[in-house]
Structures are given as C-alpha cells and as structure tokens.
Amino acid sequence: MLKHLKLSNVGPSNEMTLELGARLNLLTGDNGLGKSFLLDIAWWAMTRKWPAEINPKLNSGRMALPHGTAEGRIAFSFEGKIRTESYESVFVPREQAWTGRAGRPSNPGLVIYAMADGSFALWDPARNYWRTREGMDVQDRVPAYVLDPQEVWDGLSAANGRPICDGLIRDWARWQLEDGPAFQMLSNLVRSLSPSGKEQLQIGSLTRISLDDVRDIPSIKMPYGQEVPILHASAGIRRIVALAYFIVWAWEEHRRAAEILREPMTDQLVFLIDEIEAHLHPTWQRSILPALLAVVSQLDPLLSVQMIVATHSPLVMASAEPLFSAESDAWLDLDFVANAGGEAQVQLTQRTFLRKGDATSWLTSDAFDMEVVARSI
C-alpha cells in the first residue's frame, strides 16, 4: 500500500505532502489544482512508469516535470508484505528522466487506475515485473498494461501482434458463453454497481447489431424490461460496465498468471479512480463509492484494498459518511491560499472528516467552498 508522497518543485505547488490512509482516500479540489496529476504520481510511484510512456495514444498521464530550473524531487513509501520501504527520485534534465532504485517495485499488489476519460491501466506483480542484472533494469515483461478508451472495448495487442487483452466485448461474450466463475463475478459486480436496489442492472442476452460486425455484443437488461446492447447504452452505464469488466479481467488474468508461476495470488489491491462520479446520475453518485468498496471485497475476503478517489461531487462525499474511519481513511483537499506576498498558490490540506448530514451541507464545506447554495427564485 502507498503510505506517503512528498513532491518538491513539481506539480501545482512548490511543496506538497500526502499522508495516505490504508483503505479510503478522498481527493477533492477545484478543476486544474492537480487531482489527476496526483493520481498519475501515485501510479508512477507504484509502477515506475508514466501511463502515456507505455501507451502514447493517451492524452493524459504524461511525465511530470519540475518547475523551471528548480530541482524536482518525489519521495514516497510503501507498506509492503514485510516492511515499509522508502524511495526518493530526482529529475535529471540531461536524461529527461527520474532517477529510481533499480529492480522490481516493492509494491506486492495489483494496481488498477481508472482514468476520467475511460482509459484504464493495470500493474500486476505476476505479469509486470523486471529484475536487476549487472546493475541494469532488464525488462523481462511488459512494464504495465495501459489501454485507451477504445482498447478497453476492442482489445490491446503487444508490439509483436500478440493479444494482451481481448477487450470488453469479446471477453464478456466468451465469459457469458462459458458461464463460469468469471461471468458469475461479472454479473455480481454489474448488479452491485447498479444505481439503486430498485434500478438493478442485469446482464442480458448476446446479440448482433450490424451485418458488418460479426461479434456477439453483450447487452444490459434495463429496469423497464428492454435489453440494450452495451454499445448503445448511456455513457453512465458504459462507464460502470467498463469498471466492472476491468476489475474482473485484471483479477482473472492475475489468477491465471499466478498459477503459471506457481506463486500465491496477491493479497493487496490499490485502486486509483479519477472522477468516480463521471457520467452518473445523482442517484448513482450517491451509491457508487460504497458499492465499489463492497465489490472489490468480493474478489477475495482476505484481500486488503486501498482506494484513492478524486471527486467533484458532494453526493460522493455524503455517501462516504457511514463508511469513513479516521483510523483507516483520509480526506485530502486541494485549494488556493495566499502566500506571504499575497499571491495565490495551491495547497494540499489533510482535513478532518466531519459528517455534514446531507449533500447540500457538503457544498458549503471546505471541499467545495460555496458560501451560498444557489437557488432559483
């Protein structure tokens, strides 16, 4: 698990320190203050690769650079299986790279990153490892799997043409025809991530949507009784089924890789989610966070899960109230403050999580800084 991050002369602030909770971390702040940037840094700290470094088709997730001529430093620590390990990296201008300890990252668990635009990234200790040979990092495996939004649905291939991921449409159809553990897990996750108990999503029949597309297309059985092909579903439903699919795909492929290596499966998962409320109706925003915490526990009762979630939604913050524990969770808020010279600068504050009782009260909290809730007259 990621314990802390400390940034010097990199990102939106000259100095920034994050002390992370072991289970749930809520990251709030206005647009442009660095929430997505901090998730990219967290991913890089655990995998040593920037998302766009692995998949250049991404429009985000690029290498962080220091301010001007100032020396940039990133320090971080992991809670490993046996001990806590600390690292520090310095940006080397001539190499245009960050220094780092050679060898396999000490983080022993899966790392899943759900980006706001629908891209996904996965680091799997059973498949994305490397080792040190004569003082050099020799990549024995792909350093991570990073899929742009289209590749999540249609699949990803390696440079040699071999398939890495068949994509949501083909995998889902295959799992449904097999009707095995993967499909049962997918069905449970889709149902658990539904907007509410009254509007439960169910998997429908496989169908064809075009004479020129021979794929069997999964469908969703809507509360009003119709089965809608997922390619025709709303943006919110596509966001949720992609989340469910990627969790199942990551876990299933990790299980198979562990079997091949004759190693035990991981007992840790770090889940990074940017704009968890993206495309979701307010009702769904109110339920998505507790639902995700519940579904990842379905993978394995002994699995330790750390979530780092960026959100703009007061409904998401309100939904955390019954779940939030000061012992295992943290609320990290980005805001503008005036420095000694009166200039505005970005500051990260670890705030005390006080229960507000409803979403309206969250709008006027430190998370959103709205002094008056706007009402029509």
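**Re the overall build of the protein chain**
1) Next: The helix and strand inventory of the protein chain stands at nine helices and 20 strands.
2) Next: The C-alpha radius of gyration computed for the protein chain amounts to 21 Å, which stays within 12% of the reference 21 Å derived for 377 residues, consistent with globular compactness.
3) Next: Per element, the accessible surface of the protein chain, about 17600 Å² overall, is 49% carbon and sulfur.

**Some points on the sheet that holds strand E5 (residues 84-92)**
1) Next: Across the sheet, five strands lie side by side as E2-E1-E4-E5-E6; this open sheet has antiparallel pairing. One side of each edge strand has no neighbouring strand; the edge strands of this open sheet are strand E2 (15-19) and strand E6 (97-98).
2) Next: As judged from the six bridges shared by strand E1 (residues 2-8) and strand E4 (residues 73-79), these two strands associate in the antiparallel manner. Counted as the bridge partner of Ser8 is Arg73 from E4.
3) Next: Strand contacts of helix H1 (residues 35-47): E1, E2, E4, E5 and E6, with the helix running at about 115 degrees to E1, the strand carrying the most contacts.

**Section: the sheet that holds strand E14 (residues 202-203)**
1) Next: In space, the three strands of this open sheet follow the order E14-E15-E16, with antiparallel pairing throughout. Taken across any chain shown, the strands that pair with only one partner, and hence form the sheet edges, are E14 and strand E16 (227-229).
2) Next: The sheet contact formed by strand E15 (residues 219-221) and E16 spans three bridges and is antiparallel. Looking across to E16, one finds that Ile220 is bridged to Val228.

**Considerations on the packing of aromatic side chains**
1) Next: Considering all chains together, one arrives at 16 aromatic pairs under this definition.
2) Next: Both rings, one in Phe120 and one in Phe246, keep their centres 4.7 Å apart while their planes meet at 25 degrees; by these two values the pair is stacked. With Phe120 in strand E8 (residues 120-123) and Phe246 in helix H6 (residues 235-261), this pair connects stretches of sequence that are 126 residues apart. Here the two residues Phe120 and Phe246 agree in accessibility, since each one is buried.
3) Next: Note on Phe246 and Trp249: the rings are 5.3 Å apart at their centroids and 45 degrees apart in plane angle, and the pair reads as tilted. Of this pair, Phe246 and Trp249 are both found in helix H6, three residues apart, which corresponds to roughly one turn of the helix.
4) Next: By relative accessible area, which is 1% here, Phe246 ends up buried.
5) Next: Using a relative accessible area of 1% as the deciding quantity, one classes Trp249 as buried.

**As for the confidence of the model for the protein chain**
1) Next: Looking at the protein chain, the pLDDT average stands at 89 and 93% of residues meet or exceed 70.
2) Next: The element-level mean pLDDT for the protein chain is lowest in strand E10 (residues 136-139), coming to 55, with helix H4 (residues 167-178) highest at 97.

**Some points on the pattern of salt bridges**
1) Next: In this structure the tally under the stated criterion is 17 salt bridges.
2) Next: The partner of Glu178 in a salt bridge is Arg174, and the shortest N-O contact between them spans 3.8 Å. Highlighted residues: Glu178 and Arg174, both in helix H4, separated by four residues, approximately one helical turn.
3) Next: When salt bridges with common partners are traced through the structure, they connect Lys57, Asp148 and Glu151 into a single cluster.

**Some thoughts on the packing of H4 against helix H5 (residues 181-192)**
1) Next: Following both chains from N to C, one finds H4 and H5 inclined at 115 degrees, their axes separated by 8 Å at the closest point. Taken as axis vectors, H4 and H5 run roughly perpendicular relative to one another. Two packed elements cross with a definite hand, and for H4 against H5 that hand is left-handed. Residues Trp172, Trp175 and Gln176 of H4 lie in contact with H5, whose contacting residues are Ala182, Phe183, Leu186 and Val190.
2) Next: Here the contact of H4 with H5 is built from residues that sort into six nonpolar, one polar and no charged.

**Points about the nonpolar core**
The nonpolar side chains of a soluble globular protein tend to be buried with one another.
1) Next: One finds Leu26, Trp172, Phe271, Leu292 and Met307 to be the most contacted residues of the largest nonpolar core, which totals 75 residues.
2) Next: Per element, the largest residue contribution to this core is 13 residues, and it comes from H6.
3) Next: Leu7, Leu33, Tyr87 and Val270 belong to the second largest nonpolar core, which has 43 residues in total.

Rules of the game
Residues numbered from 1 in each chain as written. Predicted model: local features only at pLDDT ≥ 70, side-chain atom pairs only at ≥ 80, totals over all residues. Heavy atoms only, no water. Helix = DSSP H or I, 4+ residues; strand = E, 2+ residues; numbered from the N terminus. Rg over C-alpha atoms; globule rule 2.2 N^0.38 Å. Areas by Shrake-Rupley, 256 points an atom, 1.4 Å probe, with all protein chains shown as cover. Pairing = 2+ DSSP bridges. Contact = heavy atoms within 4.5 Å. Axes fitted to C-alpha atoms, helices over the stretch in contact; angles between N-to-C directions. Phe/Tyr/Trp six-rings, centres within 6.5 Å; stacked < 30°, edge-to-face > 60°. Buried < 20%, exposed > 50% of the residue type's maximum accessible area, 1.4 Å probe, protein only. pLDDT = per-residue confidence, 0-100. Salt bridge = Lys/Arg side-chain N within 4 Å of Asp/Glu carboxyl O. Parallel < 35°, antiparallel > 145°, perpendicular 65-115°, else oblique. Left-handed = near helix turned anticlockwise from the far one by under 90°. Nonpolar A, V, L, I, M, F, W, Y, C, P; charged D, E, K, R; others polar. Core = buried A, V, L, I, M, F, W, Y, C linked by side-chain atoms within 4.5 Å.

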